[in-house]
Amino acid sequence: RSSKRRSSKRRSSKRRSTMELFDSRTNNHHPHSGLRLVASSSRVCIRLASGLMGLLMLMVVVWIAHGHDADTAGRTTSSLKTTLAFEPRSVRQHRTHTDSQQSQRQSHRHMTSLSSSLSKSSASSSASSKAALLSRRIASLAAAVGAGSSPSVQQPSSPPLLETELDAKGRERLAFKEDGWETWKWNGHNINYIQQGDKGTPIILVHGFGAHSYHWRYQIPELSKKHRVYSLCLLGYGWSDKAPGALYSSEFWGDQVAAFVDEVVQDKAILVGNSIGAVTSLAAASKYPDRVKGLVMVNAAGKFGDMDPDVTGSGDPPTQSDDASEGGLLGSLQAGLKEKISDLVSALIFYSTRFRIPLILKQVYVDPDQVDEALVKSITQPALDPKALGTFQSIYRAPGRGKLSVNQMMKRLPQSLKVLLLWGQQDPWMQPTKAKQIMKVCESQGLACEYVPLADAGHCPQDDNPSDVNENLARWIKDNFDDALP
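Residues numbered from 1 in each chain as written. Predicted model: local features only at pLDDT ≥ 70, side-chain atom pairs only at ≥ 80, totals over all residues. Heavy atoms only, no water.

Draft legend 1. View of the state of the cysteines. Taken as a whole and judged by the stated rule, the model has 1 disulfide. Disulfide pairing is shown between Cys-442 and Cys-449; the S-S distance is 2.1 Å. Disulfide Cys-442-Cys-449: the torsion about the S-S bond is -75 degrees, which places it as left-handed. On the basis of relative accessible area, Cys-442 is assigned to the buried category, the value being 2%. (Disulfide = S-S within 2.5 Å. Buried < 20%, exposed > 50% of the residue type's maximum accessible area, 1.4 Å probe, protein only.)

The following block contains the structure:
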């Protein structure tokens, strides 16, 4: 027993000496060793936590990839996108560039594989349909890779698909867009227009007085199914710039339409116009017949004085015989006074009209339900522009600036040009007798004109009775132009 006690004392003494040695080294020779131990432990914990987080992220990715729960996966992906949005711009740009390069390399590998399949399948005549399909897939991939590999080169693309809606009667129409659509520069001004469709005969729609490109809301989705459709805002109207100093007239706007054909459409087009848009289209066709393929006038406005009661006029511009040219200083003063009176009258009309737009529209529409909130808002909104009053005053003087009457412009049309007249029979402003006068000019000039009276329509048939207008437009285009789609 005494031996065991001695042995136990020796072990206890060794443990005490070891602890004392550790304490002496810790306290006397390594004063920061405790902090180092804590730091080392922290690093171990961080590594363990990082490993666990990596494992968790891997599990989430595998879960999403296998589509375990589409709804939850969508929420996870959305959260991941939100996290990536806070990346530094340089990191995000580098990652995007790397992803783009990887996508292009994968597309090239896919194209090579498809080309090999095409060469093998073309050896057998029974595989001709498969070869054609592969060819189309290669062409589409080549276009995609080409567009992605050269960001400095703009590839031609189809116009974006426009948003449409159904009206109360189930008819498709363009949805209203407060900020307008596409923009084109003309004479330093921003011109707004709508484009839809990428095939078939180009059609340019031109609105009437006080309206805009959206006034063709029913024709754009329907005609664009088989044709390239452009609806243009004339300068001073709609979402186009307001230019109070411009010398507006049908010939002025006709120059704008011709420039639009040259720079945007880049092909001969069918012009379709309503009210002053009709006489604007006529002005473009008479001055630039090489740009126009066909002409459609819907309840045309303009100078009809020399047609009543007989069809007269040489087709030459009238000689200037107003007071300003004949009376010298007195004539100039009278002209200036007329302009001031015109500005005063037009200002009164402008401000009073802004509060009576629904009432005025219902006077020229047969179907009052067509005067809806979107239409009223589309006409009221441009009038809030600070330059709208000055522009309206200048436009109000436009009829006096026009040099040619409707009769004279009709006489300048080439006989090869086909013309369609669509006329709302209940128009209180431009009554059907105007259409009959135009048809007399067509007969005397040997022009191929067709007249279609629209019984249930007023001054704006394209919006008042869109079904009849769309049907007659589609039929006339199909019957008269070889390249129109069946």
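Draft legend 2. Looking closely at a nonpolar patch on the surface. A contiguous nonpolar patch, built from Ile-341, Val-345, Ile-349 and Tyr-396 and spanning about 300 Å² of accessible area, is present on the exposed surface. Of all the elements, helix α10 (residues 328–354) adds the most residues to the nonpolar patch, at 3 residues. You can see Val-345 is positioned in helix α10. Residue Val-345 is classed as partly exposed on the basis of its relative accessible area, which comes to 32%. (Patch = residues over 30% accessible without salt bridge, like charges linked within 9 Å, V, L, I, M, F, W, Y side chains within 5 Å. Areas by Shrake-Rupley, 256 points an atom, 1.4 Å probe, with all protein chains shown as cover. Salt bridge = Lys/Arg side-chain N within 4 Å of Asp/Glu carboxyl O. Helix = DSSP H or I, 4+ residues; strand = E, 2+ residues; numbered from the N terminus.)

Draft legend 3. Expanded view of the confidence of the model for the chain. Mean pLDDT over the chain stands at 76; residues scoring 70 or higher make up 60%. Overall, residues 114–156 carries pLDDT values under 50, and its contacts beyond four positions in sequence, including any with other chains, amount to 25 contacts. Residue range residues 309–327 is modelled with pLDDT below 50. Its contacts to residues more than four positions away, or to other chains, number 34 contacts. (pLDDT = per-residue confidence, 0-100. Contact = heavy atoms within 4.5 Å.)

Draft legend 4. Layout of the pairing of strand β8 (residues 292–298). Counting buried positions along β8 gives 6 out of 7 residues, so the element sits mostly inside the fold. Of the strand pairs in this sheet, strand β7 (residues 269–274) and β8 are connected by 6 bridges, and their pairing is parallel. In the sheet register, Gly-273 faces β8, and the bridge partner there is Met-297. After leaving β7, the chain enters helix α8 (residues 276–287) and then returns to the sheet as β8, a path that is right-handed. Direction of pairing for β8 relative to strand β9 (residues 418–424): parallel, over a ladder of 5 bridges. The partner of Val-296 across the bridge, within β9, is Leu-420. (Pairing = 2+ DSSP bridges. Right-handed = clockwise from strand over helix to strand, strands pointing away.)

Draft legend 5. Up close: the packing of aromatic side chains. This structure, assessed with the given rule, holds 17 aromatic pairs. A ring pair is formed by Trp-184 and Phe-260, whose centres lie 5.3 Å apart and whose planes are at 75 degrees; its orientation type is edge-to-face. With a gap of 76 residues between them, Trp-184 in strand β3 (residues 182–186) and Phe-260 in helix α7 (residues 250–265) connect regions that are remote in the sequence. For the pair Tyr-237 and Trp-253, a centre-to-centre distance of 5.7 Å together with 45 degrees between the ring planes defines the contact as tilted. One end of the pair, Tyr-237, is in the loop between β6 (228–232) and α7; the other, Trp-253, is in helix α7, with 16 residues separating them in the sequence. (Phe/Tyr/Trp six-rings, centres within 6.5 Å; stacked < 30°, edge-to-face > 60°.)

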